[in-house]
Amino acid sequence: KAWQLGLKSIAIYRDGCKLTQPLNTSKKQASVPEQSFSPARRRLENERAAITHKFSIAGHEGYITVGLYNDGKPGEIFITMSKEGSTISGLMDAFATAISLALQYGVPLNAIANKLSHTRYEPSGFTGNPELPMAKSITDYIFRWLTLKFTKETPIAIATSVNRVSAEVADTNLKVQEEMVFASQADAPSCVDCGSIMARSGTCYSCLNCGTTSGCS
């Protein structure tokens, strides 16, 4: 090779026999530089289909508008609260923008809904929606409605699946029982005596921990 390259001289020596050498070899594989990952934003078309849903929580009315991709999946949301001040309106606009960006960058709707559903703050109460009769907060209602509308993993489906498993398996472990109670009693209030989540008993609720009822006979 040295002759083919026309070199004037060439030196051959064992690796490591010199304190300083122009070339070092190692049995370890060379480290491959980590590839940087840049998430891609999937923007909606300039003209897109949308769904507008009117809701009411304890007399506080609002509107949810969901912009859709061509495949029917949500890509943006807008939240408008009726008769609310500029502060609430600004917070809802910023909140909707953040959720829209998360959806467009590929964050699954279920992951967002699982994190923000069942948050408690005012206004909360009756909604008039037979599918979501009670809401713990505005964000609780919004993301539970989005889950019912755009995903298959609804609380009803989860409860049905868990009930089917419990019927097939007699010795159901504690984790499955907790998931069943959570899925079927998502709107149940907490017990005033011990703080545990109550379970539906007919038209009322009863505490499985201490036996307190919600006041029905």
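Reading guide: rules and limits
- Position numbers for residues start from 1 in each chain and track the written sequence from start to end.
- Confidence filtering applies because this is a predicted model: local features only for residues at pLDDT of at least 70, side-chain atom pairs given and counted only at 80 or more, and all residues used for totals across whole chains, interfaces and linings.
- The side-chain figures draw on all heavy atoms in the structure; neither hydrogens nor water molecules are used.
- Helix and strand labels come from DSSP, where a helix needs a run of H or I of at least four residues and a strand needs a run of E of at least two; each type is numbered from the N terminus.
- Exposure is judged per residue with a 1.4 Å probe applied to protein chains only, and the accessible area is read against the type maximum: over 50% gives exposed, under 20% gives buried, and values in between give partly exposed.
- Each accessible area value is a Shrake-Rupley result obtained with a 1.4 Å probe; residue values ignore everything except the protein chains displayed when judging cover.
- In this scheme Phe, Tyr and Trp rings, the latter by its six-membered ring, pair at centre separations within 6.5 Å, and the angle between planes marks the pair as stacked below 30 degrees, edge-to-face above 60, and tilted otherwise.
- Any Lys NZ or Arg CZ that is within 6 Å of a ring centre and within 35 degrees of that ring's normal is treated as a charge sitting over the ring.
- Under this scheme, a helix contributes an axis fitted over its contacting stretch, all axes are lines through C-alpha atoms, and angles between N-to-C directions fall in the 0 to 180 degree range.
- Should the near helix be turned anticlockwise from the far one by less than a right angle, the crossing is termed left-handed; should it be turned clockwise, right-handed.
- Contacts are assigned to residue pairs with any non-hydrogen atoms lying within 4.5 Å of each other.
- Gly counts as polar in this scheme, as do all residues outside two lists: the nonpolar Ala, Val, Leu, Ile, Met, Phe, Trp, Tyr, Cys and Pro, and the charged Asp, Glu, Lys and Arg.
- Two strands pair under a simple rule: DSSP has to find at least two bridges between them.
- Only protein atoms enter the 1 Å grid used here, on which a cavity is any set of points holding a 1.4 Å probe that cannot leave and a pocket is any open set flanked by protein within 12 Å on both sides along at least five of seven lines; residues with an atom within 4 Å of a point are listed as lining.
- Grid points are joined across faces, edges and corners, and a volume is the space filled by probe spheres set on the points.

Visitor: Report on the overall build of the protein, specifying residues and quantitative values.
Guide: Helix and strand counts for the protein stand at six helices and seven strands. In the protein, the succession of α and β elements from N to C terminus is α-β-β-β-α-α-β-β-α-α-α-β-β. Out of the 217 residues in the protein, the part that is buried amounts to 30%. Taken as a whole, the protein presents about 15,500 Å² of accessible surface, with 55% of it coming from carbon and sulfur.

Visitor: How would you summarise the packing of aromatic side chains if you had to cite specific residues and measurements?
Guide: Each aromatic ring pair is characterised by the separation of its centres together with the angle its planes make. Per the stated rule, a full pass over the model turns up three aromatic pairs. For the pair F95 and F143, a centre-to-centre distance of 5.9 Å together with 90 degrees between the ring planes defines the contact as edge-to-face. Of the two residues, F95 sits in helix α2 (residues 86-104) while F143 sits in helix α4 (residues 138-150), which places them 48 residues apart along the sequence. Exposure remark for F143: the relative accessible area of 0% places this residue in the buried category. Over the ring of Y69 we find R42, and its NZ or CZ is 3.8 Å from the ring centre.

Visitor: Lay out the environment of N70 with the relevant residues and their values.
Guide: The topology assignment puts N70 in the loop between β2 (60-68) and β3 (74-81). Remark: the alpha-carbon pair of N70 and R48, spanning 22 residues in sequence, is separated by 7.5 Å.

Visitor: Requested: an account of the packing of α2 against helix α3 (residues 109-116), with residues and values cited.
Guide: It is the contact of α2 with α3, at a shortest axis distance of 10 Å, that shows an interaxial angle of 145 degrees. Crossing hand, α2 versus α3: right-handed. Judged by residue contacts, F95, I99, A102 and L103 of α2 engage L109, I112 and L116 from α3. Across the contact of α2 with α3, the residue classes tally to seven nonpolar, no polar and no charged.

Visitor: So what about the pairing of strand β1 (residues 50-57)? Which residues, and what values?
Guide: Alignment of β1 against β2, held across eight bridges, turns out to be antiparallel. Residue pairing for β2: K54 is matched across the bridge by Y63. Between β1 and β2, which pair antiparallel in sequence order, lie two residues; one of them, A58, sits at a positive phi of approximately 55 degrees.

Visitor: Any details on the layout of surface pockets? Residues and values, ideally.
Guide: In this structure, the second largest pocket encloses a volume near 270 Å³. Lining the second largest pocket we find 13 residues, and of these K73, P74, V107, P108 and L109 sit closest to its centre. Mapped by element, the contributors of at least two residues to the lining of the second largest pocket are α2 and α3.

Visitor: Which residues make up the pairing of β3, and what are the values?
Guide: Consecutive residues of a regular strand have side chains that alternate between opposite faces of the sheet. The buried fraction of β3 is high, at six of eight residues. Pairing of β2 with β3, which is carried by seven bridges, proceeds in the antiparallel orientation. Each bridged residue has a counterpart across the sheet, and for T65 the counterpart in β3 is F78. From the end of β2 to the start of β3, which pair antiparallel, there are five residues, and G72 there has a positive phi angle of about 90 degrees.

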